[in-house]
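Structural overview
As a plain string of letters, each chain reads:
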Amino acid sequence: MPRVATRGTQETADARPLAAAAAAPGAGVRRLQNSDAKTSLFPALAARLAPRLLPLRRAPLVPRNQTAPCSTAASSGRSAHSQQDSLLLIQGDTMPFTLHLRSRLPTALRSLILQKKPNIRNTSSMAGELRPASLVVLPRSLAPAFERFCQANTGPLPLLGQSEPEKWMLPAQGAVSETRMDRPQFWKYEFGACTGSLASLERYSEQLKDMVAFLLGCSFSLEEALEKAGLPRRDPAGHSQAAAYKTTVPCVTHAGFCCPLVVTMRPIPKDKLERLVRACCSLGGEQGQPVHIGDPGQGLQGQSPEQGSKAPAAVSGLGLQMPLRFKELLGIKELSKPAYGDAVVCSPGEVPVFWPSPLTSLGALSSCETPLAFASIPGCTVMTDLKDTKAAAGCLTPERIPEVHHISQDPLHYSIASVSASQKIRELESVIGIDPGNRGIGHLLCKDELLKASLSLSHARSVLITTGFPTHFNHEPPEETDGPPGAVALAAFLQALEKEVAIIVDQRAWNLHQKIVEDAVEQGVLKTPIPILTYQGGSVEAAQAFLCKDGDPQTPRFDHLVAIERAGRAADGNYYNARKMNIKHLVDPIDDLFLAAKKIPGISSTGVGDGGNELGMGKVKEAVRRHIWHGDVIACDVEADFAVIAGVSNWGGYALACALYILYSCAVHSQYLRKAVGPSRAPGDQAWTQALPSVIKEEKMLGILVQHRVRSGVSGVVGMEVDGLPFHNTHAEMIQKLVDVTRAQV
């Protein structure tokens, strides 16, 4: 028997038989449209409903690979409205009308009939077979554009269906006056401004004849997810509308429809985050996956170059302008002041979690500035049995099961990736963790450092990479072949992802690295040149001035610092090679930038090393002192947020590029990065798929270093080797293995 929603919890005597009649074979909406409806079991009720039918069509492009089923009268001799249809009664003040929705799936005909109580009501806590949806009503001329706008932003605006033009059929004046309501159900918009609230749309019956109604899914039930995850609700009475906030994240615009994303928020205990996120994704599909976990922060980080941002003196002296970046947060200033609903306070130990909200549609109505439009008031929704086809079926595959990882403390930030993507990155970490020099680096390994570092890099907009270990202090140049290839490989991939990237080196080595980059571009290793910077330091203030506009920690120029085989400062302030030789006179204090970054919100750091004396390895310095030869002297004392350990540091740079490829190919992480706005695109459609390290490119890169007389770190040989290991066989095999793991199908 079809589900029937009635006044209170009781089904009326009239509602049950009428629902059964509507569900009978060959019946449906048409039976209520013609004169035969008056001879049904309940003629009075049927007669009142007869002229109040609104045919609706499904959004034609959802799903993309499926066509709406044929419903012509010729098929099987049935009415044009078959059992594949769904029936939804919306009953306002004195305006009951029916939305006739054609389902793409062969679901049974259902009817929702409410006597003396409208079903446009607060359903923010409802769950069950019937699900809530919000209504947007626009002029016919704007309907195609709004439909495409929704299709471009399916996370917050899952389009279930829309009415055909000129199909509004309103009841006679006062036909059902017993359903009059005093509580507003709709907001009215005029030229982009909300000008009032309405209990019904009856007075606009003439205008509605040239308007189109859109039904937007808002069926994701956080309460149901909380229950599935075994978590208590924060509003046990269930009467409050969840807090919703306007963000600074722009939706994809289309034909005049442009607005920021609106999100809902709930605080979740940090030790229950992953359990809840998995429950949400299982129940709600794209709407169920959070778009942000952690501090919503500021959306705008500084000014754009067009607004006059200036680089610090050390950068400007090279004729470069590194722009300030836009931090990839939500731009919500105060959680205590939601745009809609009631604020919920985060208690100690809880993390704010944000989901996309259909209330985004209200901003779209304002942006189009149409003379007249209507929308459901937040918390007032209609009920339907239609489902968002992008919603999960309840059983997630490894490609859709999310893992949650903490990637920053200031600001508090978590990221997510699928189980399958995370496992592939862990395999990369295992591959590069071998110890060809038998130096004991296995004791330095920390689980998931590569995963967390790559997750953090994926959220960054501007990355500063440093490299250079002048171990051959008696030769010119004193640099070694480990470091620059890994740095260039990572920089190339970051460039392909359209991130800002620069490399910072010692002043004495600036000319060398400039020539290396020029040759790399000429030989096709790099697509475009990478800016080469230097820093001589002098004070904490100098480091902060380099990293931030006007030295203001609220406006950093970089999101992430990466050190790949970069000489690191020991506890005594000196710099040592593996043989315990002090090379401080050849090293600029770039370590100061990593130390300053620790005190600047929004800047993360990664160190890649293979012996414990590299910049960033301060995170594992105790293990270095215990297990690495000369570790008590050479151990780097400056730590990075993430310490990636590899048998050869170049391998760590290659692995970071490969991990980013995996993350950007992961549907779960990709949706999280784009905040569920904009279209999802297959990896094959992206330019970055061609930017992975390869044996051919890395052979060219090592050849460039040899041309500039850069030597192998262990043997001092000028030739095709790194750390005493030949490129062919050892390094070529490692590169190919990393690429194979990266591209492998799960």
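Bear in mind that the values here come from a model prediction, so they are computed numbers and not experimental data. (Residues numbered from 1 in each chain as written. Predicted model: local features only at pLDDT ≥ 70, side-chain atom pairs only at ≥ 80, totals over all residues. Heavy atoms only, no water.)

1. Considering helix α4 (residues 143-152)
In plain terms, the rule: Relative accessibility thresholds used throughout: buried, under 20% of the residue-type maximum; exposed, over 50%; partly exposed, between the two (1.4 Å probe, protein chains only). Numbering of helices and strands runs from the N terminus, with a helix taken as a DSSP run of H or I at least four residues long and a strand as a DSSP run of E at least two residues long.
Here α4 lies mainly inside the structure; eight of its 10 residues are buried. Within the sequence span of α4, burial applies to Ala143, Ala145, Phe146, Glu147, Phe149, Cys150, Gln151 and Ala152.

2. Thoughts on unusual backbone geometry
Here aspartate 410 and proline 411 are connected by a cis peptide whose omega angle stands at 0°. Among the structural elements, proline 411 can be located in the loop between β16 (402-409) and β17 (412-418). Positive phi values are uncommon outside glycine, yet alanine 255 reaches one of about 45°. Even without being a glycine, arginine 709 presents a positive backbone phi close to 65°. Tracing the backbone shows arginine 709 in the loop between α20 (695-707) and β24 (721-722). Classification of arginine 709 as partly exposed rests on a relative accessible area of 48%.

3. Here we look at the confidence of the model for the protein
Atom-level detail of predicted coordinates should not be read off regions where pLDDT is low. As a reminder, the rule being used: Each residue carries a pLDDT score, the predictor's own confidence in it, on a scale running from 0 to 100. The contact definition used throughout considers only heavy atoms, calling two residues in contact when any of these lie within 4.5 Å.
Of all residues in the protein, 72% have pLDDT values of 70 or greater, and the mean over the chain is 78. pLDDT under 50 marks residues 1-128. Its contacts with residues more than four places away, or in other chains, come to 291 contacts. Across residues 169-182 the pLDDT falls below 50, and counting only partners more than four positions away or on other chains, this stretch makes 35 contacts in the model.

4. Digging into the side chain of serine 357
Among the structural elements, serine 357 can be located in the loop between β13 (350-356) and α9 (360-368). The residues contacting serine 357, other than those within four sequence positions of it, are Pro156, Val262, Val263 and Thr264.

5. Comments concerning the sheet that holds strand β23 (residues 642-645)
Quick note on the threshold: Criterion used throughout: strands pair if DSSP finds at least two bridges between them. Fitted lines through C-alpha atoms give the axes, limited to the stretch in contact for helices. The angle between two N-to-C directions lies from 0 to 180 degrees.
Strand order in the open sheet made by the six strands is β20-β19-β18-β21-β22-β23, with parallel pairing throughout. In this open sheet, the two strands that pair with only one neighbour each are β20 (532-534) and β23. Neighbour-to-neighbour, the strand axes of the sheet open up by a mean angle of 25°, direction not taken into account. Here strand β18 (residues 462-468) pairs with strand β21 (residues 560-566) via six bridges, running parallel. Bridging from a neighbouring strand, valine 463 pairs with histidine 560 of β21.

6. Examining the side chain of threonine 247
Stated precisely, the cut-off is as follows: What qualifies as a polar contact is a pair of N or O atoms within 3.5 Å, subject to a donor-acceptor requirement within protein and to the restriction that residues adjacent in sequence count only when both atoms come from side chains.
By the secondary structure assignment, threonine 247 is in strand β10 (residues 244-250). The class of threonine 247 is buried, set by a relative accessible area of 6%. For threonine 247, the side chain forms a polar contact with the main-chain oxygen of leucine 261, separated by 2.8 Å. Apart from the residues within four sequence positions on either side, threonine 247 is in contact with Pro260, Leu261, Val263, Leu330 and Ile332.

7. Structural notes on the environment of phenylalanine 354
Along the chain, the position of phenylalanine 354 falls in strand β13. Distance in space between the C-alpha atoms of phenylalanine 354 and valine 263 is 5.9 Å, their sequence separation being 91 residues. Sequence-distant contacts of phenylalanine 354, defined by excluding residues within four places in its chain, comprise Tyr245, Val263, Thr264, Met265, Pro290, Val291, His292, Gly294, Pro296, Leu330, Ile332 and Leu335.

8. With respect to the nonpolar core
Note the cut-off: What we call a nonpolar core is a set of buried Ala, Val, Leu, Ile, Met, Phe, Trp, Tyr and Cys residues that are connected through their side-chain atoms within 4.5 Å.
Counting residues in hydrophobic clusters, the biggest one holds 93 residues, and the most contacted among them are Leu276, Ile293, Ile465 and Phe493. With 12 residues, helix α18 (residues 649-665) is the single largest residue contributor to this core. Not counting residues within four places of it along the chain, the set of residues in contact with leucine 276 comprises Leu222, Ala225, Leu226, Ala229, Leu231, Ile268 and Trp355. Core analysis: the second largest hydrophobic core is formed by 39 residues, Leu159, Tyr189, Phe214 and Leu261 among them.

9. Thoughts on the pattern of salt bridges
Inclusion rule: Basic side-chain nitrogens of Lys or Arg form a salt bridge, by our definition, when they fall within 4 Å of a carboxyl oxygen of Asp or Glu.
Tallied over the full model, the rule gives 20 salt bridges. Of the charged contacts, one joins aspartate 506 and arginine 566 as a salt bridge, the two residues approaching to 2.7 Å between their closest N and O atoms. Linking aspartate 506 in the loop between β19 (500-505) and α13 (510-522) with arginine 566 in strand β21, this pair joins segments that are 60 residues apart in sequence. No difference in accessibility class separates aspartate 506 from arginine 566, as the two residues are buried. Among the ionic pairs, glutamate 622 bridges to arginine 625, the shortest N-O distance being 2.9 Å. Of this pair, glutamate 622 and arginine 625 both sit in helix α16 (residues 621-627), three residues apart, which is roughly one turn of the helix.

10. Focus on the sheet that holds strand β11 (residues 260-269)
Strands sit in the order β10-β11-β13-β12-β17-β16 across an open sheet of six strands; the sheet is antiparallel. Strands at the two margins of the open sheet, each flanked by one partner only, are β10 and β16. Each neighbouring strand pair of the sheet contributes to a mean axis angle of 35°, computed without reference to strand direction. Contacting β16 and β17, helix α10 (residues 419-432) crosses the sheet at an angle of about 95° to β17.

11. Re α13
Formally: Multiplying one less than the number of residues by 1.5 Å gives the expected span of a helix. Think of it as the arc spanned by the lines of direction from the helix axis to the C-beta atoms.
Its 13 residues place the ends of α13 18 Å apart at the C-alpha level, agreeing with the 18 Å of an ideal helix rising 1.5 Å per residue. If you check which residues of α13 are buried, you get Leu512, His513, Ile516, Val517, Asp519 and Ala520. Buried residues in α13, looked at end-on, bunch into an arc of 165°, giving them a common side. In this structure, α13 carries Asn511 and Glu522 as exposed residues pointing more than 90 degrees from its buried face. The secondary structure elements touched by the buried residues of α13 are β18, α12 (484-496), β19, β20 and α20. Just beyond α13, the residue with positive phi is glycine 524, at close to 85°.

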